[in-house]
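These are the residues of each chain, in order.
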Amino acid sequence: MGTEEQSSQKAAGKVAPATGKLGVMVVGLGAVATTMIAGVEAVRRGLAKPIGSLTQMGTIRLGKRTDSTSPLIKDFVPLAKLEDIVFTGWDIFEDNVYEAAAHAEVLDKETLAKLKPYLETIKPLPAVFDQYYVKRLNGTHIKKGKNKRDLANQLIADIRAFKKTVDRVVIIWAASTEIFIEPTAVHQSIEAFEKGLDNDDIAIAPSQIYAYAALSEGVPFANGAPNLTVDTPAMIELSKRNAAPICGKDFKTGQTLMKTVLAPAFKARLLGIKGWFSTNILGNRDGEVLDDPQSFKTKEESKLGSLDYILQPELYPDLYKDLYHKIRINYYPPRGDDKEAWDNIDIFGWLGYPMQIKVNFLCRDSILAAPIALDLVLFLDLAKRTPELRSIGIQEWLSFYLKSPQSAPGLYPEHDLFIQSMKLKNTLRHIMGADLITHLGLEYYD
Ligand SMILES: NC(=O)c1ccc[n+]([C@@H]2O[C@H](COP(=O)([O-])OP(=O)(O)OC[C@H]3O[C@@H](n4cnc5c(N)ncnc54)[C@H](O)[C@@H]3O)[C@@H](O)[C@H]2O)c1
């Protein structure tokens, strides 16, 4: 203790091995999902490298810096192998994954052609959908039921059928952003939620019905969009009760990734910020959905939170109290998935002298999101096999991947990317009974 490494209390119980097939059910087979699925297949065939994926390419240091021991994460913790992943999913359109990927226009035609026979085999199950919650979409491949409880039961039947073909299942929401919904009485307990399903409560959106079905079946659930979904007391309770780990919300990919790298740097150096203006253009279906003010509101809330939590204006009123933070997303079809983001940051330094920083990120939305979706699936499966993690509900150590990370009630979330990265790696060290790394390092100078 008090050295660069710190003894981790011995992890309670061993992590179960990842034997057999991991079934991944993706809600929404759109740009992100198809880029992940096609990418996993391309990597399995040796056609490309899994760049951007911590589970596939990341290493983890163990012991002292002088020990030079840094295995690959996938060799240190028992993760499912890409070869053992089996994909399926739901969508409101009937397109198979090849057709959906071709429509999304993220991956080039040549790559898709090589993967076509495999991608064509993955056909979506009919979805639970209601246009009230996503105004800009109108799908036809949807389930009919007498109420929301009935729809939940149909999803449970889908999950049970898939379970018979694989050894373990994880579900991830990569479907469209729903309208902004605030938690109500129906979200406060499992009982209230179930009553709400029976009564078709309007505050229960489709994403929550999927989450309920997953957690009822003890299946881990990740939320890649900013919807409420698993971020309610009822779902947290169900997650704990059925040992089904959860995490959310909203993949942290482009602009917010940059924000949660830059803001900690300004704060660490005590540089003030007067204003932060962020704007984006994107032209994919996600952009079209976010063009609706009610879906945009959900996204805006998710994107706004990070700066406040990182900068702690209540502790640094002279530096951040008057910060003006504005976010815009503009739907601009010519760009497709190739988003462009601009940030103008008005900072000030010594004696209050002003300066400016401009960030212009020309990114590819789904290329950034796909490895995140893959890592979340693999780590949630790991959590489910880890006695110490499986029944705690929210997996805060996965905040690293999320724009608006869920944390325990009353606990503020960590947004700083480097704190999140350290937390994730220390969690892996901890569950494997290895020493934690605090970066104190005095022992090198004894
Ligand atoms: N790409 C990124 O960088 C990024 C980052 C953060 C969050 N996200 C979020 O991830 C989600 C997916 O993004 P995308 O670019 O793949 O969008 P997309 O529009 O290409 O795909 C979403 C898919 O979900 C389907 N869908 C909608 N409602 C559904 C329902 N109830 N059940 C089943 N399927 C449903 C749609 O038909 C569509 O095929 C969005 O919510 C987006 O905001 C994306």
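Higher on the page you've got the structure.
Residues numbered from 1 in each chain as written. Predicted model: local features only at pLDDT ≥ 70, side-chain atom pairs only at ≥ 80, totals over all residues. Heavy atoms only, no water.

A. Inspection of the environment of Lys163 at higher detail. Along the chain, Lys163 falls in helix α6 (residues 148-163). The exposure class assigned to Lys163 is partly exposed, which follows from its relative accessible area of 31%. Distance in space between the C-alpha atoms of Lys163 and Val219 is 9.9 Å, their sequence separation being 56 residues. Setting aside residues no more than four positions away along its own chain, Lys163 makes contact with Val169, Glu217 and Val219. (Helix = DSSP H or I, 4+ residues; strand = E, 2+ residues; numbered from the N terminus. Buried < 20%, exposed > 50% of the residue type's maximum accessible area, 1.4 Å probe, protein only. Contact = heavy atoms within 4.5 Å.)

B. Molecular detail of the pairing of strand β3 (residues 85-91). Within β3, 6 of the 7 residues are buried, which leaves it mostly tucked inside the rest of the structure. Sheet analysis places strand β2 (residues 22-27) next to β3, joined by 6 bridges and oriented parallel. Following the sheet pairing, Val26 is matched in β3 by Gly89. (Pairing = 2+ DSSP bridges.)

C. Up close: the sheet that holds β2. If you trace the 6 strands from one edge of the open sheet to the other, you get β4-β3-β2-β5-β6-β7, paired in parallel fashion. Single-partner strands in this sheet number two, and they are β4 (125-126) and β7 (246-247). With 6 bridges joining them, β2 and strand β5 (residues 168-173) adopt parallel strand pairing. Paired with Val24 across the two strands is Val170, which belongs to β5. Sheet contacts for helix α1 (residues 31-44): β2 and β3; angle to β3, the most-contacted strand, approximately 160 degrees. Its contacts with the sheet put helix α14 (residues 365-384) on β2, β3, β5, β6 (221-223) and β7, and the angle it makes with β5 is roughly 140 degrees. (Axes fitted to C-alpha atoms, helices over the stretch in contact; angles between N-to-C directions.)

D. Up close: the site of the ligand. Surrounding the ligand, one finds 31 residues, the nearest of these being Ala31, Val32, Asp91, Val128 and Ala175. Interatomic distance of 3.0 Å between a side-chain N/O atom of Thr253 and an oxygen atom of the ligand. One nitrogen or oxygen atom from the side chain of Asp286 is found 2.9 Å from an oxygen atom belonging to the ligand. Expressed as a share of its isolated accessible area of 840 Å², the protein-covered part of the ligand is 98%. Of all the secondary-structure elements, those providing two or more residues to the shell around the ligand are α1, β3, α11 (285-290) and α14. Each residue belonging to the shell around the ligand can be placed in one class, and the counts come to 18 nonpolar, 6 polar and 7 charged. (Near = heavy atom within 4 Å. Polar contact = N/O pair within 3.5 Å; in protein donor to acceptor, adjacent residues only side chain to side chain. Areas by Shrake-Rupley, 256 points an atom, 1.4 Å probe, with all protein chains shown as cover. Nonpolar A, V, L, I, M, F, W, Y, C, P; charged D, E, K, R; others polar.)

E. Broad picture of the packing of helix α7 (residues 190-198) against helix α8 (residues 206-216). Orientation of α7 relative to α8, taken along the N-to-C sense of each, is 120 degrees, at an axis distance of 12 Å. The angle between α7 and α8 places the two elements in the oblique class. α7 and α8 meet at a crossing whose hand is left-handed. Between α7 and α8, the residues in contact are Phe193, Glu194 and Leu197 and Gln208, Ile209 and Tyr212, respectively. Grouping the constituent residues of the contact of α7 with α8 by class yields 4 nonpolar, 1 polar and 1 charged. (Parallel < 35°, antiparallel > 145°, perpendicular 65-115°, else oblique. Left-handed = near helix turned anticlockwise from the far one by under 90°.)

F. Structural view of the nonpolar core. With 61 residues, the main nonpolar core has Phe87, Leu376, Phe379, Tyr401 and Leu428 as its most contacted residues. Here this core takes 12 residues from α14, the largest share from any one element. Setting aside residues up to four positions removed in sequence, Phe379 forms contacts with Leu54, Thr55, Ile73, Leu79, Trp397, Leu398, Tyr401, Leu424 and Leu428. (Core = buried A, V, L, I, M, F, W, Y, C linked by side-chain atoms within 4.5 Å.)

G. Quick peek at the sheet that holds strand β9 (residues 324-331). Across the sheet, 4 strands lie side by side as β9-β8-β10-β11; this open sheet has mixed pairing. Each edge of the open sheet is held by one strand with a lone partner, namely β9 and β11 (354-362). Averaged over all pairs of adjacent strands, the angle between strand axes in this sheet comes to 10 degrees, irrespective of strand direction. Relative to β11, strand β10 (residues 340-348) is paired through 9 bridges, and the arrangement is antiparallel. Its bridge partner lying in β11, Ile345 is registered against Ile357. Taken strand by strand, helix α10 (residues 255-268) contacts β8 (272-282), β9, β10 and β11, and its axis lies near 170 degrees from that of β8.

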